[in-house]
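Residue-level structural notes
Residues per chain are reported as follows:
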Amino acid sequence: MGEGDSKMSRAVGIDLGTTLSSVAQVHEAGEPVVLPNAEGELRTPSIVFFGPENVLVGQDALREALVNPERAVFNVKRSMGDSKFHFAVDGENYTPESVSALILRKITQDAARHVGPIERAVITVPAYFDDARRKATEDAGAIAGLQVIDIINEPTAAALAYGFSGRGQDGVFIVYDLGGGTFDVTVIEKRGHELITLATDGDVQLGGKDWDERLVNELARRFCAEFKVDPRQDRSALAYLNLTAEEAKKALSRRQSTRVPVSYKGHWGNYEVTREEFESLTADLLAMTQLTTDLVLEEAGVTWSGVQRVVPTGGSTRMPAVMKLLEQMSGRPVELSVPVDDAVAMGAAIHAAIIEFHSQDRLTEYSAEVAAKLGRIHTSDVAAHALGLIIKDHQTLEYRNDVIIGKNSRLPASIAKNYQTAVDGQQSIVMQIVQGDAPHPEACITLGQFRVTGLPAGRPAGAPVKVTFSYDAKGRVHITALDVQTGQTMTTEMARSGGLDAQTVTDEARRLSLKSVE
Ligand code: AMP
């Protein structure tokens, strides 16, 4: 080990959550452990507060946000990959990537106090994240100064934690992941040391926040009825109301009823909410998760009788209604051997250890037994979205999505197609690339414009160009083109409809490195 390496810590796994984030690492004995932050907590609220002097992340940011909500960013994960999102404060602009980078800075710098400087990380993403959101997550890591050795789907990570624990039996199981802001269901088959994802689907806009919102609206409705003023009209009062509603929601996971105080403009309300009321206010949200679960099972070609276990992950699965639904649907007890909050970070840490095991001579850090275990595990994932391009239909003359790689294809996936130039002397080809399997272009996620340039001049129309569309193992899209006549790889360019370019990532990393993050 070189001098510079001596203090370098093993790669970590990071669960970059909508509401909470955490860092884990596989220790020498082979067990994944979640590393506490400077406040002594295993999870850090994913909240960034831009103070005049420094940036606060986590619990302190949450406290400050109550007083100055306009200086705080919540739920930035929901905006990942959205090029329109900018948070402006003190004359500076922050993209979702930069805000996420600040969260990553805080949690890795805190974890480093326990394990030494952290340089390499696996970061988890919801399975349903499209290419732009995956890229944004990788860029956030780079801006935070991390080498992102991989991104991995949250349910796959949870499955790894479950499978690695030795308690996971062979067979088909479902990871039902209901977090703060996203929902995923994944069907996974465990065969010995192999974890094979069969199908995945989800909703990037559904999570615990929506349950909170229902309670916020109900409390505001009662408050309005009593005092004729709406606390939702004031940002600070709304921030408090959100917090109290979340607390009340959690209390209702433990108790049949709870009392919730609401104050605004000198009025004080105190409302009793029962679990039954809360469950009826949110029944449609739960029903949406049931629909998605049934759909994913169908896509996987599995029926409930073939499902061995349901593994819940994400804080929102603590709601008794969720557990009830899972038991009802599966007809068996829910698997609780892996902690719902830690499974994703722990699985990411295991994935990081496996990558390190395969890539470098770091295995000396682990006992022979642990190294052997790491070496045996294999995971394979599927594409959460179809990959296609927009073409003009010959018959209808309308534009439609021509799916090249189907949804739920095993990753990595690669399909080559031959195209021809349309006119004499054509030197470039332009394609509109989309994700999703809807036939209508507007119903798909636009990835961007793929351009092939530099085709030799003077060729007649009909010159063949072979385009290879690929998903890599982490679900990122790659497209290459080959001039069939010369066998040469063509110059190509992907003009993304959003996202940061390489230079901006470097510049942002430099800009943010000058900020102190606490
Ligand atoms: P995650 O994104 O997995 O960290 O999940 C965070 C979400 O879980 C938030 O919406 C929390 O309000 C929710 N949550 C955490 N604990 C509980 C609980 N005991 N009952 C209901 N929801 C909870």
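What this report covers is the structure whose coordinates are included nearby. (Residues numbered from 1 in each chain as written. Predicted model: local features only at pLDDT ≥ 70, side-chain atom pairs only at ≥ 80, totals over all residues. Heavy atoms only, no water.)

1. Concerning the sheet that holds strand S24 (residues 464-471)
Spatial ordering of the open sheet is given by S21-S24-S25-S26, a layout of four strands whose pairing is antiparallel. At either end of the open sheet lies a strand with only one pairing partner, and these are strand S21 (413-420) and strand S26 (488-489). Of the pairings in the sheet, the one linking strand S25 (residues 477-483) to S26 comprises two bridges and is antiparallel in character. Its bridge partner lying in S26, Leu482 is registered against Thr489. (Pairing = 2+ DSSP bridges. Helix = DSSP H or I, 4+ residues; strand = E, 2+ residues; numbered from the N terminus.)

2. Description of the sheet that holds strand S23 (residues 445-453)
The strand order across the open sheet formed by five strands is S20-S19-S22-S23-S27, and the pairing between neighbours is antiparallel. Of all the strands in the sheet, the pair left with one neighbour each is strand S20 (399-405) and strand S27 (491-496). Going across the sheet, the axis of each strand differs from the next one's by a mean of 35°, ignoring polarity. By the bridge criterion, seven bridges tie strand S22 (residues 429-435) to S23 in an arrangement that is antiparallel. Counterpart to Val434 in the pairing with S23 is Thr446. (Axes fitted to C-alpha atoms, helices over the stretch in contact; angles between N-to-C directions.)

3. Section: the side chain of Asp139
Structurally, Asp139 is set in helix H3 (residues 131-143). Among the polar contacts made by the side chain of Asp139, one reaches the side chain of Lys135 at a distance of 2.6 Å. Leave out the neighbours within four places in its chain, and Asp139 touches Glu97, Leu500 and Val505. (Polar contact = N/O pair within 3.5 Å; in protein donor to acceptor, adjacent residues only side chain to side chain. Contact = heavy atoms within 4.5 Å.)

Worth remembering: the numbers are spatial, not functional.
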